[in-house]
Amino acid sequence: MISGFLFRKMDQRIIWVASFLGLLAILAPVLNLMTDPQSLWHLPDYMISLAGKYLTYALLALALDLVWGYCGILSLGHGAFFALGGYAMGMYLMRQIGTRGVYGDPILPDFMVFLNWSELPWYWYGFDQFWFAGLMVFAVPGLLAFVFGWFAFRSRVTGVYLSIITQALTYALLLAFFRNDMGFGGNNGLTDFKDILGFTLQNSGTRAALFSASAIALSLCLLLCSAIIRSRFGKVLIAVRDAESRTRFLGYRVENVKLFVFVLSAMMAGLAGALYVPQVGIINPGEFAPANSIEVVIWTAIGGRGTLIGPIIGAITVNLGKSWFTAALPDYWLFVLGALFIAVTLFLPKGLMGLFNKISTMIRQNTFTNTQPLIPAPSEQGGEKTK
């Protein structure tokens, strides 16, 4: 029943992209683990980790597109939900180090021993269990989004004011997590992870498994978002985006609609952060930086907001360009990113997906108008009409 509902609520492009991600989750590890390192088909370990990181960024952009592209909520603080999910996973990974740390303490992480902490803070309890950490990955960003959204949406804060408040939220968390007495590693954050679920993080198989998990998570979230958008609730979301006052006058509780989608989006961002941390090996307060959240907005805009697939393309494309430009032209990357965002805003307001849709429509129209009938009409044959 659930699978039937999902397939009825999705368009063909979503199915194709989700299927491609599922295939990628299988094919990439095979090319990494089962091919000769000298082969042209071999994917090296660093490429697997880099691609896995890009997929987590794509999931974060998809989460933002759900609230911005379909509900009109421009959040400049989604990086905070991403970082909170990352810290939840990082706390689990730190608890797994045990006596293998620099100071050999079986319970306290190294940074707590260095700062002369005498006992583990209460909010670190339970993070020695993966199931608890996995629960917190969703619960902590979701709870923060619920509390923030409850007050903001019921106060009818909208537009640029809401965007500024979300940015202030992530900046406040940045300052809080920088403090050593918060118990999250201060400026250095959490790092020096050893293993996850008993598997060494430096092992090729573990990296390939994390890549597959990222691809599968992105695929499932894409299917879920598509099912929501194409349902009746999705129509209400779009109505809130396009005419909030009119939707409210029709009897809908707009604040509840916004709150639900905002919390769901935050939980998706937390999942992206949790998958990001074991693949990059560190999480620090820099992930809360407002610039990171603004960059997610740029990915979504370049790919095409309100398309679901567009933000995925935008996140991967921009970060591929970032990897190349920061190595080739490190002093000019931010200028290139800013110019790209301005160009897209002026000339491609619907992003890369909008351009693709426009080209596809033009091709279909030209194909239809240029199609000639297979059998010419009697008057064109030059013969007499049959009686």
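In case you missed it, the structure is sitting above this.
Everything quoted here is computed from the prediction, not taken from an experiment.

Novice: Quick question: what am I supposed to make of the overall build of the chain here?
Specialist: Helix and strand counts for the chain come out as 16 helices and four strands. Across its three principal axes, the chain shows a C-alpha extent of roughly 105 × 65 × 50 Å. Sequence separation of 24 or more characterises 76% of the internal contacts of the chain that already satisfy a separation of 6 or more. Put simply, the chain shows about 20,500 Å² of open surface, and 66% of that area lies on carbon and sulfur atoms. Distance between charge centres in the chain, computed from 26 positive and 19 negative side chains, equals 16 Å.

Novice: How should I be thinking about the layout of surface pockets in this particular structure?
Specialist: Rolled over the atoms, a probe as big as a water molecule pinpoints where empty space is left. The computed volume of the largest pocket comes to approximately 370 Å³. Considering the residues around the largest pocket, the lining is formed by 18 residues, among which F20, L21, L24, L55 and I316 are closest to the centre. For the lining of the largest pocket, the secondary-structure elements that each account for two or more residues are helix 2 (12–33), helix 3 (45–71), helix 8 (204–229) and helix 13 (309–328). Take the lining of the largest pocket: its biggest share by element is six residues, from helix 3. A breakdown of the residues in the lining of the largest pocket according to their chemical character gives 18 nonpolar, no polar and no charged.

Novice: Explanation requested: the packing of aromatic side chains in the structure shown.
Specialist: The tally for this structure, following the rule as stated, stands at 21 aromatic pairs. Ring centres 5.6 Å apart and planes at 90° place the aromatic pair F153 and F262 in the edge-to-face group. In this pair, F153 is assigned in helix 6 (residues 130–154) and F262 in helix 11 (residues 254–280), connecting sequence segments 109 residues apart. No difference in accessibility class separates F153 from F262, as the two residues are buried.

Novice: Explain helix 6 to me, please; I cannot follow it from the model alone.
Specialist: Because the α-helix completes a turn every 3.6 residues, residues three or four places apart line up on one side. Here helix 6 is 25 residues long and its end C-alpha atoms lie 36 Å apart, about the 36 Å a rise of 1.5 Å per residue gives. M136 marks the point of greatest bend in helix 6, at about 30°. Looking at the packing, one finds that the buried side of helix 6 touches helix 4 (78–95), helix 7 (159–178) and helix 11. One or two steps after helix 6, the chain reaches R156, where phi turns positive at roughly 55°.

Novice: Mind showing me how you'd approach the pattern of salt bridges here?
Specialist: Side chains that carry opposite charge are capable of pairing whenever their charged atoms lie near each other. Applying the stated rule across the entire model yields nine salt bridges. Among the charged side chains, a network of salt bridges with common partners joins E244, R248, R253, E255 and K258.

Novice: Is there a simple way to explain the packing of helix 3 against helix 9 (residues 232–242) in this structure?
Specialist: The N-to-C vectors of helix 3 and helix 9 enclose an angle of 65°; their axes lie 7 Å apart at closest approach. Of the residues in helix 9, those in contact with G69, Y70 and C71 of helix 3 are L237, I238, V240 and R241. Within the contact of helix 3 with helix 9, the residues separate by chemical class into five nonpolar, one polar and one charged.

Novice: Looking at this structure, how should I read the nonpolar core?
Specialist: Ranked by internal contacts, the top residues of the largest apolar core, which has 107 residues, are L59, L62, W124, L190, M268 and F288. Sequence-distant contacts of M268, defined by excluding residues within four places in its chain, comprise L59, L62, A63, L66, C221 and C225.

Calculation criteria
- Residues numbered from 1 in each chain as written.
- Predicted model: local features only at pLDDT ≥ 70, side-chain atom pairs only at ≥ 80, totals over all residues.
- Heavy atoms only, no water.
- Helix = DSSP H or I, 4+ residues; strand = E, 2+ residues; numbered from the N terminus.
- Contact = heavy atoms within 4.5 Å.
- Areas by Shrake-Rupley, 256 points an atom, 1.4 Å probe, with all protein chains shown as cover.
- Lys, Arg positive; Asp, Glu negative; His and termini not counted.
- Charge placed at Lys NZ, Arg CZ, Asp CG, Glu CD.
- 1 Å grid on protein atoms, 1.4 Å probe; cavity = no way out; pocket = protein on both sides within 12 Å on 5 of 7 lines; lining within 4 Å.
- Points joined across faces, edges and corners; volume = space filled by probe spheres on them.
- Nonpolar A, V, L, I, M, F, W, Y, C, P; charged D, E, K, R; others polar.
- Phe/Tyr/Trp six-rings, centres within 6.5 Å; stacked < 30°, edge-to-face > 60°.
- Buried < 20%, exposed > 50% of the residue type's maximum accessible area, 1.4 Å probe, protein only.
- Expected span 1.5 Å × (residues − 1).
- Bend = angle between axes of the 7 residues up to and from the residue.
- Salt bridge = Lys/Arg side-chain N within 4 Å of Asp/Glu carboxyl O.
- Axes fitted to C-alpha atoms, helices over the stretch in contact; angles between N-to-C directions.
- Core = buried A, V, L, I, M, F, W, Y, C linked by side-chain atoms within 4.5 Å.

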